[in-house]
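# Summary of the model geometry
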Amino acid sequence: MSITQNIQYFNQLLENTPCRLIAVTKTKPVAMLQEAYEAGCKQFGENRVQEMMEKYEQLPGDIDWHLIGHLQTNKVKYIAPFVRLIHSIDSLKLLQEVNKQGAKYNRVIECLLQIYIAQEETKFGLSFEEAEALLQSPEAAQLANIRIVGLMGMATLTDSREQIRREFRGLKQFFEQLKTKTLPANTEMKELSMGMSGDYQLALQEGSTLIRVGSSIFGTR
Ligand SMILES: *Cc1c(COP(=O)(O)O)cnc(C)c1O
């Protein structure tokens, strides 16, 4: 299957659903992104700042760039002028830096809190308790140049479909719980970023609004 055919497959799959595709383009050459763009895909996800900047400079201006990987505070300044959504906020300090850089460019930068749902030591993210504390903190509430629009999570890399489903379901439940609470004005729980090549079907069933798919579109890395 070509990149064009793969994009068409996902467009059809997501038609009439509340979920949208983010094509994860990390490590892939610009020519491949160009093909995806011409097939109608304008939401790209990258996990490294430097790589995202280089691709941003070479590709059309109407692409939405999603930062999906771990973000260091000292790199926020490079993506602040153009990034569409940061999926990987995992501390107040990072959120404050995004706010500071957003202010410099007179932007309100949309962010997701990355929630730790996997049974693995290697994944970044906040626990449910930490996320809720961050959302309710006066420090976060006063940030005028960010907007927290939802949550992101990565399931455990496992063959157990039940475990993956359980992790996604838990994240969705937390997301729904948060919606019932009084949250600061700069917060709106509307996006749930979950699902990758290996588990996007489960994520769709469990209520994802943004699937992040790389290898199923562009081939293995
Ligand atoms: C690489 C990556 C993806 C996409 O992974 P695939 O298995 O290639 O679909 C999704 N989300 C994050 C955070 C990633 O780093």
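These lines cover the structure that appears in this document, whether it is placed above or below. All values reported here derive from a predicted model rather than from experimental measurement.

## Notes on unusual backbone geometry
The backbone of N16 shows a phi angle near 60°, a positive value even though the residue is not glycine. Here N16 lies in the loop between α1 (3-14) and β1 (20-24). Its relative accessible area of 79% is what places N16 among the exposed residues. Unusually for a residue other than glycine, N106 sits at a positive phi of about 55°. Assignment of secondary structure puts N106 in the loop between α5 (92-104) and β5 (109-115).

## Some thoughts on the site of the ligand
Neighbouring the ligand are V24, K26, I68, M154, M196, S197, R212, V213, G214, S215 and R221. K26 has a polar side-chain atom sitting 2.7 Å from an oxygen atom of the ligand. S197 places a polar side-chain atom, nitrogen or oxygen, 2.5 Å from an oxygen atom of the ligand. Protein contacts shield 90% of the accessible area of the ligand, which totals 390 Å² for the unbound molecule. With respect to the pocket detection grid, the ligand is positioned in the largest pocket. Of the residues assigned to the shell around the ligand, the class counts are five nonpolar, three polar and three charged.

## Regarding the layout of surface pockets
In this structure, the largest pocket spans a volume of roughly 390 Å³. Contributing to the lining of the largest pocket are 20 residues, with K26, N47, I68, M154 and M196 lying nearest its centre. Across the lining of the largest pocket, the residue classes break down as seven nonpolar, nine polar and four charged.

## Brief notes about the environment of C19
With respect to the helices and strands, the residue C19 is situated in the loop between α1 and β1. In this structure C19 comes out as buried when scored by relative accessible area, which is 3%. Along the primary structure C19 and G207 are separated by 188 residues, whereas in three dimensions their C-alpha atoms are 8.2 Å apart. In this view, C19 contacts L14, L204, S208, T209, L210 and I211; residues no more than four positions away in its chain are not counted.

## Digging into the side chain of E206
One can find E206 in the loop between α9 (200-205) and β8 (210-213). For E206, a relative accessible area of 8% gives the class buried. With residues up to four places along the chain from it excluded, the contact list for E206 reads R165, F168, R169, K172 and M194.

## Regarding the environment of V30
On the secondary structure map, V30 appears in helix α2 (residues 30-38). Considered as a pair, V30 and Q177 are 147 residues apart in the sequence and their alpha carbons are 40 Å apart. Not counting residues up to four positions away in its chain, the partners in contact with V30 are K55, Q58 and L59.

Cut-offs and rules
Residues numbered from 1 in each chain as written. Predicted model: local features only at pLDDT ≥ 70, side-chain atom pairs only at ≥ 80, totals over all residues. Heavy atoms only, no water. Helix = DSSP H or I, 4+ residues; strand = E, 2+ residues; numbered from the N terminus. Buried < 20%, exposed > 50% of the residue type's maximum accessible area, 1.4 Å probe, protein only. Near = heavy atom within 4 Å. Polar contact = N/O pair within 3.5 Å; in protein donor to acceptor, adjacent residues only side chain to side chain. Areas by Shrake-Rupley, 256 points an atom, 1.4 Å probe, with all protein chains shown as cover. 1 Å grid on protein atoms, 1.4 Å probe; cavity = no way out; pocket = protein on both sides within 12 Å on 5 of 7 lines; lining within 4 Å. Sits in = over half its atoms within 2 Å of the grid points. Nonpolar A, V, L, I, M, F, W, Y, C, P; charged D, E, K, R; others polar. Points joined across faces, edges and corners; volume = space filled by probe spheres on them. Contact = heavy atoms within 4.5 Å.

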